[in-house]
Structures are given as C-alpha cells and as structure tokens.
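Architecture and fold: a report
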Amino acid sequence: MIRLQNIEKVYRTDTVETLAINGISLDIAKGEFLSIMGPSGCGKSTLLNIMGLLDEPSKGNIKIDEQDISRFSDQKLAKFRNQKLGFIFQSYHLINDLRVLDNVELPLLYRTSSAKERKVLATAALEKVGLSNRLKHFPTQLSGGQRQRVAIARAIVGNPQIILADEPTGNLDSAMGNEIMDILINLNKNEGTTIVMVTHDESMAHKTHRLVRLFDGSQVQ
Ligand code: ADP
Ligand code: ADP
C-alpha cells in the first residue's frame, strides 16, 4: 500500500543542514497496522509527513497504492491526498470555532457538493467513534479523548485507505489513550484501513502488527 525506497530528507537553511532521514526503505502492506518509535528528533514526524505527501523527500521514491506520486501535479497530489489519506495529530488540530459536526465535514468540502450528504456522512463518522451526542458542541467543550475522537471522525469521514497518526495518544491519560487505540484497532480490523502510527508508548506500539524503530534518521529495527 505504501512503498518507500531509499528515502532521504535534508532540511537546509543558510547556516545549517540537517539529515533528518538517512536512506529508509519500507513496505507497508494493505491492511497493516504499523507503529514507528524512536527518540525525539530521530525523524518520525518527517517520515510520516513524507508518507502523507505533506513533505517531499530530498531523494528516493514513494509509491502509494501502486502509484508513483512523483509524477503528479500539485493539484493531482492534493486530490489524491484528500481521497486516500486521513491524518490524526497529537494536538487534534480541530478548528475551535467550528462545531464538532462542521469540523468533521471539512474534508468533504473538496469533493461533496451536497450539504445534506456531507451532514449524513459526518454524522455517521461521529457515530463510529461514539460521539453522536456531541454534534453541536464546540471542541473546547470536550475532553481531550473526545477531541481526539472528533479528529478520528474527521480523518475517516472520506473513507480513506490509509490513516497516518502522529502520536494520537500523546496528550491523553492511559484510559483515554486506550480508548483511542481501540477505535484505531477496530478501524483496522473491520474496515481494513492501513494505519501508520508514531508513538512514544511501547504498550500502544505492541498492540500493532509491526514496530519500526528509528534512530538518527535510520531504521534500526
Ligand atoms: P516532534 O515530532 O516535534 O519531535 P513529538 O510529537 O515527537 O514532537 O513530541 C511531542 C512531545 O512529546 C514533545 O513535547 C516531546 O518533548 C514529548 N516527548 C518526547 N519524548 C517523550 C516520551 N518518551 N514520552 C512522552 N512524551 C515525550
Ligand atoms: P521526531 O518526529 O522523531 O521528533 P522530526 O522528524 O520532527 O523528529 O525531526 C527530525 C530532525 O529534523 C530533527 O533533527 C529536527 O530538528 C529536524 N527538523 C525537523 N523539521 C525541520 C525543519 N522544518 N527545518 C529544519 N530542521 C528540521
């Protein structure tokens, strides 16, 4: 589903050059739930952003669903990203002055012209994460675990084949973290969604199919 070949990423400014990813090749199968661990600064977020087509590698090749995305125009890339990928972040990245339902409808604005259909799909996604009773709340009126569930609903509303999650349980206590993890595990099992998750938490990583460890931009396991 995701194939990375000899990926390198160098961040350059006038004065410093950082080799963030140093030759990583990785195959992630359809339906796999993979976790990525490693110390702060080892390149986890950079690698996830490259997989998510949010950031371009300096060298190497990426294929997603057998398609070589290096040939895509920016417009095609944006559309592809919107259709294939869902993103979840540690700090939720919700829009605080939009209600829960409107937050979840956002990814559909680019592709579903019917307001009614958007509402139906967003309501269904919120049902899946157990938040049917919070549609009209604002994010600031919710707990951290609930906010992350809204973010998951937003990530899955367009039915993506791949979910990329950057420390989705990082801001949550272990009970709420486990709830979020259960939602992701069920999503992977029941819908066959491929999931790549960065985490600092060994106990979360051990619930996934495979663990990749990074150190200094290289894969060590
Ligand atoms: P970045 O991607 O910019 O390195 P991270 O998302 O990895 O940031 O880290 C988010 C926060 O988690 C940071 O404040 C970081 O200091 C903190 N953090 C780092 N290591 C751990 C750890 N072992 N357990 C919990 N939190 C950690
Ligand atoms: P992690 O997510 O494992 O904490 P990151 O992928 O955020 O690591 O960062 C990897 C390395 O790249 C770090 O050394 C970091 O300082 C550097 N880095 C990340 N983003 C940038 C950037 N925009 N500009 C320059 N250096 C960066």
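The model shown is predicted, which means the values in this text are computed figures rather than measured ones.

Rules and cut-offs
Residues numbered from 1 in each chain as written. Chains lettered and ligands numbered in written order. Predicted model: local features only at pLDDT ≥ 70, side-chain atom pairs only at ≥ 80, totals over all residues. Heavy atoms only, no water. Helix = DSSP H or I, 4+ residues; strand = E, 2+ residues; numbered from the N terminus. Rg over C-alpha atoms; globule rule 2.2 N^0.38 Å. Buried < 20%, exposed > 50% of the residue type's maximum accessible area, 1.4 Å probe, protein only. Areas by Shrake-Rupley, 256 points an atom, 1.4 Å probe, with all protein chains shown as cover. Lys, Arg positive; Asp, Glu negative; His and termini not counted. Charge placed at Lys NZ, Arg CZ, Asp CG, Glu CD. UniProt positions renumbered as here; feature names shortened; annotations may be inferred. Core = buried A, V, L, I, M, F, W, Y, C linked by side-chain atoms within 4.5 Å. Contact = heavy atoms within 4.5 Å. 1 Å grid on protein atoms, 1.4 Å probe; cavity = no way out; pocket = protein on both sides within 12 Å on 5 of 7 lines; lining within 4 Å. Points joined across faces, edges and corners; volume = space filled by probe spheres on them. Nonpolar A, V, L, I, M, F, W, Y, C, P; charged D, E, K, R; others polar.

Time to look at the overall build of the protein. Along the protein, the regular secondary structure elements total seven helices and 10 strands. Its C-alpha radius of gyration of 17 Å places the protein within 12% of the 17 Å reference for a compact globule of 221 residues. Projected onto its principal axes, the C-alpha positions of the protein cover 45 × 40 × 40 Å. Across the 221 residues of the protein, 48% fall into the buried class. Summed over all atoms, the accessible surface of the protein reaches about 11,100 Å², with 46% contributed by carbon and sulfur. Computed over 27 positive and 25 negative side-chain charges, the separation of the two mean positions in the protein equals 6 Å.

UniProt tags residues 2-220 as "domain: ABC transporter" (unreviewed entry). Counting secondary structure, residues 2-220 comes out at 34% helix and 27% strand; the distance between its end C-alpha atoms is 19 Å.

Here is a general trend for soluble globular proteins: nonpolar side chains tend to be buried in one another's company. Counting 34 residues, the largest nonpolar core has Val104, Leu126, Ile152 and Leu184 as the members making the most contacts within it. For this core, the elements supplying multiple residues, two or more each, are helix 3 (100-105), helix 4 (115-128), helix 5 (144-156), strand 7 (162-166), helix 6 (174-191) and strand 8 (194-198). Contacts of Val104, omitting those with residues within four sequence positions, involve Ala122, Ala125, Leu126, Val150, Ala153, Arg154 and Val157. Ile2, Ile21, Leu47 and Phe87 belong to the second-largest nonpolar core, a separate cluster that totals 30 residues.

Within the structure shown, the criterion is met by one cavity of 30 Å³ or more. Of the pockets and cavities examined, the largest cavity occupies roughly 40 Å³. Considering the residues around the largest cavity, the lining is formed by Leu48, Asn49, Leu54, Phe87, Ile88, Phe89, Leu164, Ala165 and Asp166. Breaking the lining of the largest cavity down by element, the ones donating at least two residues are helix 1 (44-51), strand 6 (85-89) and strand 7. Among the residues forming the lining of the largest cavity, the class breakdown is seven nonpolar, one polar and one charged.

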